[in-house]
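Each chain is listed here by its residues.
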Amino acid sequence: MFNLVKIAARNIRRYKRRSLLTVSLIAFGVVFVLVFVAVTASIKDFMIAQITDSYLGALQIHRGGYVASIESLPLNMNLPPAAVSQIEKALAASKDVEAYSERIKFGALFSNFTETTNIRINGVYPEKECAALPQMLSRILEGEKCARALDKGKILVPKLLAQGFGAKVGDTVVIVATNKDGSVNGKTFLVSGILESATGPGGRDGYINFDDAREILRMSGKEVSEIVVRVKSLPAVEGVAQSIRGALGLGEKKQKGGGIEVHTWAQLSPFANIANMIDLMTFFVKLMLIAIVLISILNVMIMAVYERVREIGTIAAIGTLPRKILSLFLVEGFCLGVTGAIAGVVFGLGIILALYVSKITFNFGQATGLILAPTIAPMEVVTASLMVIIVSVLASLQPAYKASRMEPIDALRHV
């Protein structure tokens with residue numbers, strides 16, 4: 001085997017210009033794929049983190065049927081106290097859950113004493129909400145950027161609503177809501193902060209303390225609209241969700257009516273479709289890499305066989321077995337693939353490192369000046385390298401087989 005490698009390396013060096021061009025094409029393909037995967041994966045991970053860490057959570061738990069009618073924020077479909085207790089025990093027992101936060105969601109009227117409009121209210125426990133959504137406080141544009149912004153009697157007002165009503169930090173506003181029994185109740189709040197919308201320009205979500213929400217809705221027990229969960233490893237969220245379903249005794253059966261539903265962020269956010277499109281683009285870019293390598297190696301090996309017909313006839317005439325000739329050309333293709341892969345990985349990682357050090361600044365939604373530092377998983381590097389090497393060998397197979405099947409007499413007569 002060592003001799004085959006030596007002969008293959010010597011043959012590659014014989015045609016330096018062509019070999020260099022082939023290795024360069026392969027390396028370019030590897031560099032392009034690695035940089036593209038690093039940048040797109042980093043952008044995707046960043047956007048997912050913005051969504052899951054600022055308002056949505058990695059997964060959410062609701063009463064069966066609540067998500068299907070979430071636009072109306074039905075109070076009669078809250079999780080009852082017994083279900084909340086059961087869920088909390090399951091979450092506390094899970095080693096994959098980092099934090100969770102209970103919420104009461106309801107529609108209400110927002111008034112500054114002269115004008116009134118509708119608003120969606122989230123009643124939360126400040127410490128729990130900040131633990132489950134670590135980027136939640138970063139959405140506060142003005143006011144107290146800490147859990148105290150959600151103390152009793154305070155409200156975080158969405159930015160566009162505040163702009164439309166001229167509401168400022170320190171102003172007093174009124175929240176009026178109808179509870180599930182049909183009675184109306186209101187409460188005055190102090191504006192503690194202006195909140196950037198995480199759901200787009202039309203976002204109308206305001207935040208108050210959980211106890212204030214219960215007071216407005218005149219709730220005696222601890223009813224909850226949803227429980228937001230933060231997991232220790234976001235890529236493993238599907239497995240965590242399945243584990244929680246098992247702990248709650250849901251199994252594979254879909255719960256309806258009074259049951260419990262566990263949804264991952266991908267089931268709740270339309271951005272999951274964009275993430276899937278990014279993955280699809282990455283797949284087609286990898287197909288482009290395969291095409292580049294396949295065409296490059298195939299062209300080189302076909303030319304190598306054509307130019308060395310008499311040489312092939314000579315080594316066949318002195319008794320070299322066809323499988324040895326086949327192996328010789330396969331090893332040449334393998335060496336070209338390995339060389340191109342190594343060069344591509346070195347340059348690709350160098351470019352990724354340069355991008356990481358320089359930091360890419362971009363805007364996402366209403367957030368500006370965000371910094372992206374591209375990184376790449378070791379497995380992606382290994383996958384791209386192995387893909388190049390395997391395709392190089394496969395591309396060499398047909399020319400190698402043709403060379404091994406040549407008749408020595410016909411080959412020696414070739415001009």
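See the structure shown above.
Reference entry: report on the structure contained in this document.

Rules used throughout
- What you see as residue numbers is a count from 1 along each chain, following the sequence as written.
- Given that this is a predicted model, residues contribute local features only at a pLDDT of at least 70 and side-chain atom pairs are listed and counted only at 80 or more, while totals for whole chains, interfaces and linings are drawn from all residues.
- The side-chain quantities take in all heavy atoms of the structure and omit both hydrogens and water.
- Counted as salt bridges are all cases of a side-chain nitrogen of Lys or Arg within 4 Å of a carboxyl oxygen of Asp or Glu.
- In DSSP terms, a helix is any run of H or I states spanning at least four residues, a strand is any run of E spanning at least two, and both are numbered starting from the N terminus.
- Whether a residue is buried, partly exposed or exposed follows from its accessible area with a 1.4 Å probe, protein chains only, as a fraction of its type maximum: under 20%, in between, or over 50%, in that order.
- Pairing between two strands requires that DSSP report at least two bridges joining them.
- Each C-beta atom gives one direction from the helix axis, and the arc is the one those directions make.
- Aromatic pairs are defined between Phe, Tyr and Trp rings, using the six-membered ring for Trp, whenever the two ring centres lie within 6.5 Å; interplanar angles under 30 degrees are classed as stacked, those over 60 as edge-to-face, and all others as tilted.
- Residues enter a patch when their relative accessible area is above 30% and they make no salt bridge; the linking distance is 9 Å between like charges and 5 Å between nonpolar side chains (Val, Leu, Ile, Met, Phe, Trp, Tyr).
- Per-residue accessibility takes into account occlusion by the displayed protein chains alone, with areas from the Shrake-Rupley method and a 1.4 Å probe.
- Residue contacts are defined here by distance: any two heavy atoms, one from each residue, within 4.5 Å place the two residues in contact.
- Take the buried Ala, Val, Leu, Ile, Met, Phe, Trp, Tyr and Cys residues and link them wherever side-chain atoms come within 4.5 Å; each set so joined is a nonpolar core.
- Angles shown run from 0 to 180 degrees and are taken between the N-to-C directions of axes, each axis being a line fitted to C-alpha atoms and, for helices, limited to the stretch in contact.
- Roughly parallel means an angle under 35 degrees; roughly antiparallel, over 145; roughly perpendicular, 65 to 115; everything else is oblique.
- Definitions for this section: a left-handed crossing has its near helix turned counterclockwise from the far helix by less than a right angle. A right-handed crossing has that turn clockwise.
- The classification used treats Ala, Val, Leu, Ile, Met, Phe, Trp, Tyr, Cys and Pro as nonpolar, Asp, Glu, Lys and Arg as charged, and all other residues, Gly among them, as polar.

## What to know about the pattern of salt bridges
Per the counting criterion, the structure on display carries 17 salt bridges. In this structure, Lys44 and Asp279 form a salt bridge, with 2.8 Å as the shortest nitrogen-oxygen distance. Highlighted residues: Lys44 in helix α2 (residues 16-56) and Asp279 in helix α9 (residues 271-307), separated in sequence by 235 residues. Using a relative accessible area of 38% as the deciding quantity, one classes Asp279 as partly exposed. A salt bridge links Lys187 to Glu215, with the nearest nitrogen and oxygen atoms 3.6 Å apart. Of this pair, Lys187 sits in strand β7 (residues 184-195) while Glu215 sits in helix α6 (residues 210-217); the two residues are 28 residues apart in sequence, bridging distant segments of the chain. Residues joined in a network through salt bridges with shared partners are Arg103, Lys105, Arg120, Glu129, Asp205 and Glu226.

## Regarding the pairing of strand β2 (residues 97-111)
Counting buried positions along β2 gives 11 out of 15 residues, so the element sits mostly inside the fold. Here β2 runs beside strand β9 (residues 226-231); their pairing, made up of 6 bridges, is antiparallel. Across the sheet, Glu102 pairs through a bridge with Ile227, a residue of β9.

## A short note on helix α7 (residues 237-247)
Along α7, the residues that are buried comprise Val237, Val240, Ala241, Ile244 and Arg245. Relative to the axis of α7, the buried residues are bounded by an arc of 140 degrees and lie together on one face. After α7 finishes, the residue Gly249 shows a positive phi value of roughly 75 degrees.

## Topic: the packing of aromatic side chains
For the coordinates displayed, the defined rule picks out 5 aromatic pairs. Taken together, a centroid distance of 6.5 Å and an interplanar angle of 25 degrees make the contact between Phe28 and Phe32 stacked. Taken together, the residues Phe28 and Phe32, both in helix α2 and 4 residues apart, mark about one turn of the helix. Ring plane angle 15 degrees and centroid distance 6.3 Å describe the contact between Phe32 and Phe36, whose orientation is recorded as stacked. Separated by 4 residues within a single helix, Phe32 and Phe36 lie in helix α2, roughly one turn from each other.

## Comments concerning a nonpolar patch on the surface
A contiguous nonpolar surface patch, about 580 Å² in accessible area, is contributed by Met379, Val382, Leu386, Ile390, Leu394 and Leu397. Within the secondary structure, Leu386 sits in helix α12 (residues 378-404).

## A look at the environment of Val97
By secondary structure assignment, the location of Val97 is in strand β2. Separated by 136 residues in the primary sequence, Val97 and Ser233 have C-alpha atoms spaced 8.8 Å apart. Not counting residues up to four positions away in its chain, the partners in contact with Val97 are Leu91, Val229, Arg230, Val231, Lys232, Val240 and Ile244.

## Examining the nonpolar core
Leu59, Ile61, Phe106, Ile155, Ile175 and Ile244 are the most contacted members of the largest nonpolar core, which has 68 residues in total. Among the elements that take part in this core, β2 stands out by supplying 6 residues, more than any other. Not counting residues within four places of it along the chain, the set of residues in contact with Leu59 comprises Ile227, Val228, Val229, Val231, Val237, Val240, Ala241, Ile244, Val262, His263, Thr264 and Trp265.

## A word on the pairing of strand β5 (residues 154-158)
Across the 5 residues that make up β5, a large majority, 5, are buried. The alternating pattern of β5 places Lys154, Leu156 and Pro158 on one face and Ile155 and Val157 on the opposite face, and all of these are buried. With 2 bridges connecting them, β5 and strand β8 (residues 205-209) associate as antiparallel partners. Looking at the pairing, Leu156 lines up with Tyr207 of β8.

## Focus: unusual backbone geometry
The backbone of Leu73 sits at a positive phi, close to 45 degrees, despite the residue not being glycine. Mapped onto the elements, Leu73 comes out in the loop between β1 (59-63) and α3 (81-93). The exposure class assigned to Leu73 is buried, which follows from its relative accessible area of 8%. In the Ramachandran plot, Arg218 falls in the positive-phi region, its phi being about 50 degrees despite a non-glycine side chain. Along the chain, Arg218 falls in the loop between α6 and β9. For Arg218, a relative accessible area of 47% gives the class partly exposed.

## Re the packing of α2 against α12
Interaxial distance between α2 and α12 falls to 11 Å at its minimum, and their mutual angle equals 155 degrees. Accordingly, the angle class assigned to the pair α2 and α12 is roughly antiparallel. Between α2 and α12 the crossing geometry is right-handed. Note on element contacts: α12 touches α2 through Glu380, Val381, Ala384 and Val388, opposite Ile26, Val30, Leu34 and Val37. The class makeup of the residues in the contact of α2 with α12 is 7 nonpolar, no polar and 1 charged.

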